[in-house]
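Spelled out, the chains give:
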Amino acid sequence: MSDGPGPKRQRSAINALKILNKLREERSLPKAKTKVKVTRKPKKVLITAEIKEVVTLQEIQRLFPEALTASSYVFNDEQNKKLVKEVEFRLNRIRASKEDAPKHK
């Protein structure tokens, strides 16, 4: 025999899950789960050169429609910065699956 007290096993006087499931069964409900089901994150979308080109074209059409019609249009650095910012924003949304990838032509 051992001299000191051994490791104590903790026991519950009441098995709450068993009682809960018995009550749920009486009401024709499924058993209660003990673990939360972990949902998988959607895969990130692969951004190809074609998708970048289509997104850039869409953003040029949206931000600077006169660039496609005016014969003497000048595209300056400020507009370029704005375009790059908007394209990167859309690409990040596409990567995170918050927006569908555009169909490339």
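Asker: Help me understand the overall build of the protein, please; the structure alone is not making it clear to me.
Answerer: Of regular secondary structure, the protein possesses 3 helices and 0 strands. Reading the helices (α) and strands (β) of the protein from amino to carboxyl end gives α-α-α. Of all intrachain contacts in the protein linking residues separated by at least 6 positions in sequence, the fraction that spans at least 24 positions is 56%. When the accessible surface of the protein is totalled, it reaches about 10000 Å², and 54% of it is carbon and sulfur.

Asker: Which parts of the structure should I look at to understand the pattern of salt bridges?
Answerer: Opposite charge on two side chains makes pairing possible when the charged atoms of those side chains draw close. Enumeration over the complete set of coordinates arrives at 5 salt bridges. Notably, a salt bridge pairs Arg90 with Glu99, separated by 2.8 Å at the nearest N-O pair. Its relative accessible area of 14% is what places Arg90 among the buried residues. Among the ionic contacts, a cluster of salt bridges with common partners joins Glu59, Arg62, Glu86, Arg90, Arg93 and Glu99.

Asker: Please clarify how the packing of helix H2 (residues 49-63) against helix H3 (residues 77-95) should be interpreted in this entry.
Answerer: Angle between the axes and distance between the axes are the two parameters that describe a pair of packed helices. Viewed as axis vectors pointing N to C, H2 and H3 meet at an angle of 130°, and their least axial separation amounts to 10 Å. Comparing their axes, H3 and H2 come out oblique. The interaxial crossing formed by H2 with H3 has right-handed handedness. Where H2 approaches H3, its residues Ile51, Lys52, Val55, Thr56, Gln58, Glu59, Ile60, Arg62 and Leu63 are matched on the opposing element by Lys82, Leu83, Glu86, Val87, Arg90, Leu91 and Ile94. Of the residues that constitute the contact of H2 with H3, the class distribution is 8 nonpolar, 2 polar and 6 charged.

Criteria and cut-off values
Residues numbered from 1 in each chain as written. Predicted model: local features only at pLDDT ≥ 70, side-chain atom pairs only at ≥ 80, totals over all residues. Heavy atoms only, no water. Helix = DSSP H or I, 4+ residues; strand = E, 2+ residues; numbered from the N terminus. Contact = heavy atoms within 4.5 Å. Areas by Shrake-Rupley, 256 points an atom, 1.4 Å probe, with all protein chains shown as cover. Salt bridge = Lys/Arg side-chain N within 4 Å of Asp/Glu carboxyl O. Buried < 20%, exposed > 50% of the residue type's maximum accessible area, 1.4 Å probe, protein only. Axes fitted to C-alpha atoms, helices over the stretch in contact; angles between N-to-C directions. Parallel < 35°, antiparallel > 145°, perpendicular 65-115°, else oblique. Left-handed = near helix turned anticlockwise from the far one by under 90°. Nonpolar A, V, L, I, M, F, W, Y, C, P; charged D, E, K, R; others polar.

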